[in-house]
Amino acid sequence: MRLIARVPALAPFGVRSFRFQWPADLATSWAFEMETLILGWYILVETGSVVILAAFGSLQFLGTLVAPLFGVAGDRIGYRNLLCLMRATYATLAAMLMVLFLTGTASPAAVFAVAVAAGTVRPSDLVMRNVLIGDTMPPALLMRAMGVSRTTMDSARVAGALAGAGLVASLGMGPAYVAVCGFYILSLLLTLGVAGGGALAPGTVRVRASPLRDLREGLVYIWSTPPLRATMYLAFLVNLTVFPLTGALLAHVAKDVYHLDQRGLGWLVASFAAGALTGSIALSVLGAAIRPARIMLVYGVLWYAATIAFAHAAGPAVGCAILLVAGLVQSLCMVPMAVALLRTVPPALRGCIMGVRMLAVYGYPVGLLAAGPLIERFGFAATATAYCTVGLGFLLVIAVRWREHLWRADAAANTF
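The text that follows walks through the structure, step by step, so that each part is easy to find. (Residues numbered from 1 in each chain as written. Predicted model: local features only at pLDDT ≥ 70, side-chain atom pairs only at ≥ 80, totals over all residues. Heavy atoms only, no water.)

1. Details of the layout of surface pockets
Defined as follows: The method works on a 1 Å grid over the protein atoms by themselves. A cavity is a set of points holding a 1.4 Å probe that cannot get out, a pocket is an open set with protein on both sides within 12 Å along at least five of seven lines, and residues with an atom within 4 Å of a point line them. Grid points are joined across faces, edges and corners, and a volume is the space filled by probe spheres set on the points. Secondary structure elements are defined from DSSP: runs of H or I of at least 4 residues count as helices, runs of E of at least 2 residues count as strands, and each element is numbered from the N terminus. Lys, Arg, Asp and Glu make up the charged group, whereas Ala, Val, Leu, Ile, Met, Phe, Trp, Tyr, Cys and Pro make up the nonpolar group; the residues left over, Gly among them, are polar.
When its volume is computed, the largest pocket comes out at roughly 180 Å³. Lining the largest pocket are Leu219, Ile222, Trp223, Arg229, Met232, Tyr233, Phe236, Val356, Leu359 and Ala360. Broken down by secondary-structure element, the contributors of at least two residues to the lining of the largest pocket are helix 10 (211-224) and helix 11 (226-241). The leading source of residues in the lining of the largest pocket is helix 11, at four residues. The residue inventory of the lining of the largest pocket, partitioned by class, reads nine nonpolar, no polar and one charged.

2. Quick look at helix 12 (residues 250-257)
Rule in force here: Accessibility here uses a 1.4 Å probe with only protein chains present; expressed as a share of the type maximum, an area under 20% marks a residue as buried, one over 50% as exposed, and anything in between as partly exposed.
Leu250, Ala251, His252, Val253 and Ala254 are the residues of helix 12 that are buried. Looking at the residues trailing helix 12, positive phi occurs at His259, about 60 degrees.

3. Side note on the pattern of salt bridges
Rules: What makes a salt bridge here is a side-chain nitrogen of Lys or Arg within 4 Å of a carboxyl oxygen of Asp or Glu, nothing more.
All told, the structure shown has seven salt bridges when counted by the stated rule. A salt bridge links Arg129 to Asp25; its shortest N-O distance comes to 3.9 Å. With a gap of 104 residues between them, Arg129 in helix 7 (residues 123-136) and Asp25 in helix 2 (residues 16-47) connect regions that are remote in the sequence. Grouping residues by exposure puts Arg129 and Asp25 together as buried. Its salt-bridge partner being Asp125, residue Arg129 comes within 2.6 Å of it at the nearest N-O pair. Of the two residues, Arg129 and Asp125 are both situated in helix 7; the distance of four residues between them amounts to about one turn of the helix.

4. A short note on the packing of helix 11 against helix 18 (residues 380-401)
Just so we agree on the cut-off: What counts as an axis is a line fitted to C-alpha atoms, over the stretch in contact for a helix, and the angles between N-to-C directions run from 0 to 180 degrees. Each angle receives one of four descriptions, namely roughly parallel if under 35 degrees, roughly antiparallel if over 145, roughly perpendicular if within 65 to 115, and oblique otherwise. Any two residues having at least one pair of non-hydrogen atoms within 4.5 Å are treated as being in contact.
Interhelical geometry of helix 11 versus helix 18 gives an angle of 175 degrees and a closest axis separation of 9 Å. Relative to helix 18, the element helix 11 lies roughly antiparallel. Packed against helix 11, whose contacting residues are Ala230, Tyr233, Leu234, Leu237, Leu240 and Thr241, the element helix 18 presents Tyr387, Cys388, Gly391, Phe394, Leu395 and Ile398 at the interface. Along the lines of polarity and charge, the residues of the contact of helix 11 with helix 18 split into ten nonpolar, two polar and no charged.

5. What to know about empty space enclosed by the protein
Taken as a whole and assessed by the stated rule, the structure comprises three cavities of 30 Å³ or more. Approximately 1200 Å³ is the volume found for the largest cavity. In terms of lining, the largest cavity is formed by 48 residues, of which the most central are Glu33, Phe61, Met153, Arg157 and Phe243. Those elements that provide at least two residues to the lining of the largest cavity are helix 2, helix 3 (50-59), helix 7, helix 8 (142-171), helix 12, helix 13 (262-286), helix 15 (316-344) and helix 16 (350-357). Looking at the lining of the largest cavity, its residues break down into 29 nonpolar, eleven polar and eight charged. Here the second largest cavity is characterised by a volume of approximately 80 Å³. What lines the second largest cavity is a set of 13 residues, among which Glu35, Leu93, Val114, Ala118 and Arg122 lie closest to the centre.

Given below as structure tokens:
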């Protein structure tokens with residue numbers, strides 16, 4: 001506790017719930033990244049098609065369509081309770097794949113089937129993480145807590161990607177999935193120690209309407225609140241136009257552009273994640289000095305610029321260096337975006353509205369599916385440049401249209 005008092009970036013660990021949530025989220029993120037890399041490479045090798053790879057990657061975000069209902073469920077039964085159920089589901093599905101790989105009966109069709117089930121649940125994991133932080137963290141520590149929380153995802157993309165690639169290359173798919181199952185089980189056990197949040201307190205007299213009525217209230221609130229609406233548009237935009245290029249499509253860049261093996265893919269993923277981790281740590285140190293909405297706009301522009309540079313990188317070494325920068329500016333855009341939302345959302349609607357926020361992630365599979373045929377016809381560099389140019393143009397439109405709510409220092413999204 002003395003160390004926590006001396007280091008401002010560690011202040012969120014002074015909250016007991018966060019001391020359980022952070023390692024639980026870390027274990028989940030490690031499992032996610034290992035699983036995504038392992039299965040993405042398996043699909044690409046077995047099918048040899050970037051279009052099928054893109055389709056598989058899009059399945060990971062199938063649940064964005066039902067994420068608002070997960071948020072409403074969390075408001076009703078408690079966010080911790082719902083998160084435990086979700087993480088038990090991950091472990092069960094991973095165990096099924098583990099058995100298939102260990103027995104040599106796995107096939108692309110089976111992997112796709114499990115991916116559909118997992119993709120229905122996984123996108124809402126981030127919703128529950130952020131809502132729990134918003135529920136348990138004092139406002140003055142919110143930016144620091146979100147920055148520290150984001151390190152679970154970023155560090156997982158570094159270590160989880162390298163570990164997943166190394167385990168598959170050294171031991172095979174089955175043993176690699178034993179490790180994935182272990183991380184999911186550990187995350188479930190740690191989540192049991194997190195504060196609940198969301199459920200109605202004993203003696204509460206408010207009568208809940210139907211879940212769809214709760215969802216409607218959240219949608220109406222978003223539409224009538226300019227900074228929320230603008231941030232939702234921006235979230236959809238970056239998921240549609242830039243995230244796919246440094247997400248699932250990195251397997252294509254590694255194999256078909258740079259002619260690398262799965263270890264090379266691991267290094268590409270780890271480079272992007274190392275930059276993102278650096279950005280998350282910086283945000284946890286700077287804390288309340290950050291103006292979230294303003295920062296997300298500035299670094300959103302730089303994110304597009306860095307991704308265009310990556311698309312035209314001459315080789316894997318240069319590509320890794322540019323991905324490091326792209327990951328940094330991505331983190332400095334996305335973490336403040338989440339904080340800007342939490343600062344303008346009423347507690348009673350927090351789960352629902354953060355669930356609606358996940359609908360923006362549906363831009364990712366849409367962009368990914370469209371990118372597959374375009375890359376096969378025009379190449380990765382041309383497709384990425386077009387995506388980023390369109391995205392950058394719309395970002396500037398959002399910045400100008402809602403400048404009073406996103407750029408002013410005294411705007412609600414920039415204060416606490």
